[in-house]
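# Examination of the molecular architecture
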Amino acid sequence: MAIPENLAELIGRLTLEQKVAQLGGIALPGLLAPGPTGAPALDTGRVAELCPHGVGHLSLAWFLGQDADSLRDALAQVQQAVRETSPFGIGGLVHFEGINGFLHAAGEQFPTAWAQAATWDPGLVRQASSVTAAHMRDLGVQLVFAPVMDLSRDPRWGRVHETYGEDPELAARFSVAFVQGVQGTPDEGSELLATGKHFLGFGASEGGLNMATTQLGRRTLVDEYAEPFRRAIAEAGLSVVMNSYNDIDGVPAAANHWLLTTLLREELGFTGMTVSDYDSVAMLRTRYRTATTPGEAAAQAVTAGLDVELPHAVNYPDLVAEVTAGRLDEKVIDLAVSRVLAVKARTGLIPGFGTPSPVRSGGPDRTKAAAIRQALAARGTVLLHNDGALPLAAEQHRVVVTGPAADELRVHFGAYTSVAAAEMPAAIKAVRMGKVPGVDPSTFASTDVVSTPLPTLQPQFEDMTRALHPEASTVWEALRETGAKAEYVSLGSFTTEDAQPLDAGTVDAAVTEADVIVAVVGERTGRVGGNTAGEGRSSVSPSLPGDQEDLVDLLAATGKPVITVVVSGRPLLLDRVVRSSAAVLLAPLLGEEAGPAIASVLFGRTNPSGKLPATFPRHLGQIPTYHGHRHGSGYDHPAGENYTYADLPDQAPLFPFGHGLSYTGFEVTSTGDAEVSGGMLRAPVKVTNTGARDGETVVQLYARDEHASVVRPVRQLLDFRRLVLAAGESADLVLQAPLERLSYTLPDGRRGCEAGEVTLMAGLSSDDIRCTVTVSVPAVFGVSGTRP
């Protein structure tokens, strides 16, 4: 069969059934069947049986292979079967999750995205994602289902740890860095593509509930929540976008034409392929109730601009009948398949199309990966509070280490890590074998595993974590390895069920020999088991679970100084803990490097330099709280007029966005006039390490538009810079941003900013501003936007 000369000719030579086949996928676990020994074995002969017209995508590949070699071989076998089945030898797009590293037992893992954001160092994330990309290229993967570009401003939502925090600029910078680490620069070309998700407003679900409706106006969606996508498209060539599991103003994202076409393509300039989050097309029937049949759901989605149904084709095959019956124009199918085939051509899956892939060295550099992982953990640890108790002197202090997170490794990993990925099949197997009390294997469905309590499996999950990361240390183990005079005492629990009751006498006796107490507390994060955070794990009150708050209070009542280490991938309500602690250190899901990183900070070998990517509320009633709220709302009121919570004495957050202490001091001063020239805002500053220790900090530049025709935020982050300064050293730098960063949706629907005064504020956090200046800016108008 002659190879078509271009994609248009190729599409013209495909039958309707073959076109539709390119818009769906196959779940690779469906190719597993009992082998000669009874163990699951790959049966690639089922590809032609299940997908006689071809295969668009290959899903759930992380369930194949126990190591890199077996995974590579399995994918090659499947890909060969796909090419033999599909017209013109077209291959299938293989995708893997990758926000914390390559999601497989063979993959290098990194601290979770929220921890990465706490470094305020996008360059490190670019390096980390390049390691993940090297893994995937080596194994024959084409799509990385990352980064997560959602803004997260409600800590009740269980998926905060997957995001880069609350701020559009911070999330945009990290998103761009991640995509560039995977793809290189837009003009370099790449056979591996990143996928931005979830479009749009997923992190703003009502009540913090996963997949709930999003109650945001279009201006907020376009100007704030879409900003990371806008920037990744323009600056990094983002070519694949995944929809979100929510509805906006009553229209599900998977069937939202304004979202997927008007905003994404016409305003943001996206020209690539859109893919559905798993089962979101079926949810049009089952969850959102906007469709009654698979064909109707498929037609709603593809007409809105959703090109691909994942993880496998359940509804999209009915598009053939929709076209045949005259209910859907085949041109809609042609448009969607053209986007899919363009990606396949770019990634080398269509014989005779695209340019040869550049030569790549096999696999990732594991030594480099370890160094990146260690740097992320060191720079992502945030010192929230310190009354002078830290750093500890190993030779002077007798330390008692306690708390339920002190000697657990699993607690430091989030969802979408190799640890969490291994837990789901293990949990399903345990239930089916009757090993979970109170769960009937005969009525159990595998999809119920996320909502089924599995407390008895936690020890197994801990053992699995240690098997995957045999060289990793818990906090207690890492403290002991420092040579410090330390003792471990088991106190406290993540749950109140079957926990030993705490009493003052027991706690006092346990720490009687201590000079200082290190209490390691937190919450478990994942998809199955005893987790209080993770996908499908929202909280009505994002607090320390179990008896951990009581434990910290009882420890403080002994009169010993308490150093509290909080392990969490989201802001928690910590006011009570802070009041009982001499110091509080946040370890935001640092993964296998958590123990050594925490120990190094506690004993002063590492000077902490992490900065918060999200605001910590003082009280539950303040949620959602974030630094860039609009004038007249939130906690900050530059104009002086405000209404406050009558029953909350301090309206400020417990810890503001950008906050993070150090063992040294830093000063930020203006060194000249801020200016607006050449389309740029520039603010020259000097940063000085005023203390006796070498250290790192992040200087931050914010802006406030003083008057506009629409209500603007009280501040927005414009620029930031991480600096390494020796004791007494100073550095001069210019914080700057393009004037277009001030743009917003004007009343007439255009995007731009009006002429007027803008206040620039430089400092060490959103609430620690050291120098301020007001400048006049000209009007800037861009392309037409979408009218709110």
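For the structure, check the block above.
What comes next is a walk through the structure. (Residues numbered from 1 in each chain as written. Predicted model: local features only at pLDDT ≥ 70, side-chain atom pairs only at ≥ 80, totals over all residues. Heavy atoms only, no water.)

### Brief notes about the sheet that holds strand S26 (residues 756-765)
Convention followed: Two strands pair under a simple rule: DSSP has to find at least two bridges between them. Numbering of helices and strands starts at the N terminus; helices are DSSP runs of H or I of at least 4 residues and strands are runs of E of at least 2. To get an axis, a line is fitted to the C-alpha atoms, and for a helix only the part in contact is used. The angle between two axes follows their N-to-C directions and goes from 0 to 180 degrees.
What the four strands build is an open sheet, ordered S22-S21-S26-S27; its pairing is antiparallel. The sheet is open, and its two edges are formed by strand S22 (716-725) and strand S27 (768-777), each paired on a single side. Looking at each pair of strands side by side, their axes are set apart by 20° on average, direction ignored. The sheet contact formed by strand S21 (residues 695-705) and S26 spans six bridges and is antiparallel. Along S26, the bridge assignment pairs arginine 704 with threonine 759.

### Structural notes on the nonpolar core
Here is the rule: Residues belong to a common nonpolar core when they are buried Ala, Val, Leu, Ile, Met, Phe, Trp, Tyr or Cys residues joined through side-chain atoms within 4.5 Å. Accessibility here uses a 1.4 Å probe with only protein chains present; expressed as a share of the type maximum, an area under 20% marks a residue as buried, one over 50% as exposed, and anything in between as partly exposed. Residues are treated as being in contact if the distance between any of their heavy atoms lies within 4.5 Å.
Grouped together as the largest cluster of nonpolar side chains are 153 residues, with contacts concentrated most on Phe96, Phe199 and Leu574. When near neighbours in sequence (up to four residues on either side) are disregarded, phenylalanine 199 contacts Phe229, Val241, Met242, Asn243, Ser244, Ala253, Leu259, Leu260, Leu263, Leu264 and Leu268. Counting 38 residues, the second-largest nonpolar core is a separate cluster that includes Leu383, Ala583, Ala587 and Leu602.

### What about helix H10 (residues 257-267)?
Stated formally: Between N or O atoms, a polar contact is any pair within 3.5 Å; within protein, one atom must be a potential hydrogen donor and the other a potential acceptor, and residues adjacent in sequence are included only when both atoms are from side chains.
Judged by how many residues are buried, H10 sits mostly within the fold: eight of eleven residues are covered. Of the residues making up H10, those classed as buried are Trp258, Leu259, Leu260, Thr261, Leu263, Leu264, Arg265 and Glu267. The backbone nitrogen of tryptophan 258 has a side-chain oxygen 3.2 Å away, supplied by the residue at the start of H10, namely asparagine 256. Remark: glycine 269 follows H10 within two positions and exhibits a positive phi of approximately 80°.

### Topic: the packing of helix H7 (residues 168-183) against helix H9 (residues 227-236)
Stated formally: A clockwise turn of the near helix away from the far one marks a right-handed crossing, whereas an anticlockwise turn of less than a right angle marks a left-handed crossing. Three categories are distinguished: nonpolar for Ala, Val, Leu, Ile, Met, Phe, Trp, Tyr, Cys and Pro, charged for Asp, Glu, Lys and Arg, and polar for the others, with Gly belonging to the last.
Put simply, H7 and H9 touch, their axes get as near as 8 Å, and they point 35° apart. Helix-helix and strand crossings are classified by hand; for H7 and H9 the assignment is right-handed. Along its contact with H7, which presents Pro168, Glu169, Ala171, Ala172, Arg173, Ser175, Val176, Val179, Gln180 and Gln183, the element H9 presents Glu227, Pro228, Arg231, Ala232, Glu235 and Ala236. A per-class count over the contact of H7 with H9 returns eight nonpolar, three polar and five charged.

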